[in-house]
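# Examination of the molecular architecture
Residues per chain, in single letters:
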Amino acid sequence: MFINIVMKVIDLRSDTVTKPTQQMKKAMLEAEVGDDVFGEDELTNKFQHKIATLFGMEAGLYVPSGTMSNQLALKVLTQPSDEVLIESKGHILQYETGGASFLSAVQLFPLQGNSGKLNASQITSAVRGTYDWEPETKVVCVEHSTNKGGGTVYSLSELRSIKHECQRHKLYLHVDGARIWNAMVATGQKPHEIGQLADTLSICFSKGLGAPIGSMLLSSIKNIAKARRFRKMWGGGMRQIGLLTAAADYAVEHHWPKLALDHIHAKTFAQTIAETSALQIDLDSVQTNIVLFNTGDRTAIEVLDIFGKHGIKMVPFGQSTVRATFHFQIEEADVNRLIEVTKHCFNT
Ligand SMILES: Cc1ncc(COP(=O)(O)O)c(C=O)c1O
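Not measured: the values here are computed from a predicted model.

Let us now look at the nonpolar core. One finds F55, V140, I162, W181, I203 and F205 to be the most contacted residues of the largest nonpolar core, which totals 47 residues. Broken down by element, the residue count for this core peaks at 6 residues, all from helix 11 (residues 242-254). Ignoring sequence-local partners within four residues, the contact set of F205 consists of F47, I51, Y62, W181, G210, A211, G214, S215, M216, A248 and V252. Counting 28 residues, the second largest nonpolar core, distinct from the first, contains I10, A300, V341 and F346.

Turning to the pattern of salt bridges, a few remarks are in order. Taken as a whole and assessed by the stated rule, the structure comprises 14 salt bridges. K50 serves as the salt-bridge partner of E253, at 2.7 Å between the closest nitrogen and oxygen. Linking E253 in helix 11 with K50 in helix 2 (residues 42-54), this pair joins segments that are 203 residues apart in sequence. For K50, a relative accessible area of 33% translates into the label partly exposed. One salt-bridge network, in which partners are shared between bridges, spans K50, D249 and E253.

Right, let's talk about the domain arrangement of the chain for a bit. Examined at the domain level, the chain breaks down into domain 1 (10-17 + 258-346) and domain 2 (31-254). Centre-to-centre, using C-alpha coordinates, domain 1 lies 28 Å away from domain 2. Of the roughly 1500 Å² buried where domain 1 meets domain 2, counting both sides, 55% is carbon and sulfur surface. Scanning the region where domain 1 abuts domain 2 turns up 1 salt bridge. For R179, the salt bridge goes to D15, with nearest N and O atoms at 2.8 Å.

A few words now on unusual backbone geometry. That bond from H144 to S145 is cis: its omega, 0°, falls within 30 degrees of zero. Residue placement: S145 occurs in the loop between strand 5 (137-143) and helix 7 (156-168). In this model, A105 sits at a positive phi of 55°, which is unusual for a non-glycine residue. Its place among the elements puts A105 in the loop between helix 5 (99-103) and strand 4 (107-111). The class of A105 is partly exposed, set by a relative accessible area of 35%. At S115, a residue that is not glycine, the phi angle is positive and equals roughly 45°.

Right, let's get into the sheet that holds strand 6 (residues 172-177). The sheet built from 7 strands is open, its strands ordered 2-8-7-6-5-3-4 with mixed pairing. Each edge of the open sheet is held by one strand with a lone partner, namely strand 2 (59-63) and strand 4. Ignoring which end each strand starts from, the neighbouring axes of this sheet average 20° apart. Bridge count between strand 3 (residues 83-87) and strand 5: 4 bridges; the pairing is parallel. By the bridge assignment, L85 is partnered in strand 5 with V140.

Calculation rules
Just so you know, the residues in each chain are numbered from 1, in the order the chain's sequence is written. Two thresholds apply to this predicted model, a pLDDT of at least 70 for residue-level local features and 80 or more for giving and counting side-chain atom pairs, whereas whole-chain, interface and lining totals are computed over all residues. Each side-chain value is derived from all of the structure's non-hydrogen atoms; neither hydrogens nor water enter the calculation. In this description, a nonpolar core means a group of buried Ala, Val, Leu, Ile, Met, Phe, Trp, Tyr and Cys residues linked to one another through side-chain atoms lying within 4.5 Å. Here's how the labels work: a residue is buried when its accessible area is under 20% of the maximum for its type, exposed when over 50%, partly exposed in between, all with a 1.4 Å probe on protein chains only. Put simply, DSSP marks the helices as runs of H or I at least four residues long and the strands as runs of E at least two long, and each gets a number from the N terminus on. Every residue pair with non-hydrogen atoms within 4.5 Å of one another is taken to be in contact. The term salt bridge refers to a pairing of a side-chain nitrogen on Lys or Arg with a carboxyl oxygen on Asp or Glu at a separation within 4 Å. Residue ranges for the domains trace back to a domain assignment, done automatically or taken from a database. Put simply, buried area is how much 1.4 Å-probe accessible surface two parts lose in total, over both of them, once they are put together. What makes two strands pair is DSSP finding at least two bridges between them. Helix axes are fitted only over the stretch in contact, all axes being lines through C-alpha atoms; the angle between N-to-C directions runs from 0 to 180 degrees.

Structural data, given as structure tokens:
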């Protein structure tokens, strides 16, 4: 008898590939909804209040994506021609289609940090605006945890030093916390400890937390009122979004605690990479759910091809760099298969 065994695809391209669970779908179906453009979606109002309170911030605005949330932050914090300091690998600089220059008419000034992280002294020497031929530095953006930086996190003391420099130079601090949940699990930091340092904080529910859609901008009541107008202008005013905020709320309640396991899986994989002869990795850089590794003599595309033949998907992050991202729909058995394949294919 011929048995056709279908191999499960192990999808490590991103933590955005997760699909809503049955329980999450149930929460969505049971949501009482209203029209959020009229401010009548009570579930969303409560959820925004709940998350703002969690982070110790005055108000929150649910938005369709992390990109919109970051862009709204820049819009409310800047005037056209201002300058924004950001680490050279920052998402706002690398992956938001040049939105800052188009939507806010600001200039992004990239600083070369360490694994996607800035340090306070870099800010001091980069601030401009004394002379009338210079742009005025207005905002510092940090990513916590980093994406292109490989999932690295800031310590509280690093964040506090950056905040201190911002205050000294009258700059706003924007925290791109697309994966703030992973950062908090990895560091033990409390939401309000981060919230009290940020002028604007962008957080996502659609990454490791596993909600299908949605992010939130957190800030002062005044900034959020302004952001709400621009969200509408940019086509992000939505109607019965209780369906989505119910999923996001479910994700915060039920999936946040699961992220620790993703970090263990990432470290296990990273250790296996370190033990191969054909691939290289900086183990210290693996701090959350993201693993960046070097593909040695092969190109990233060649290595992806080899993994692909075994039903394992990752993404290229440069000529000879690959990114694998762990999430709660990667299970123990998947990790075991990943390790077997890695050992088998890359020990030459
Ligand atoms: C650090 C960071 N910020 C912002 C975003 C943008 O999120 P979205 O894809 O929801 O626009 C991402 C997406 O991966 C990200 O990694």
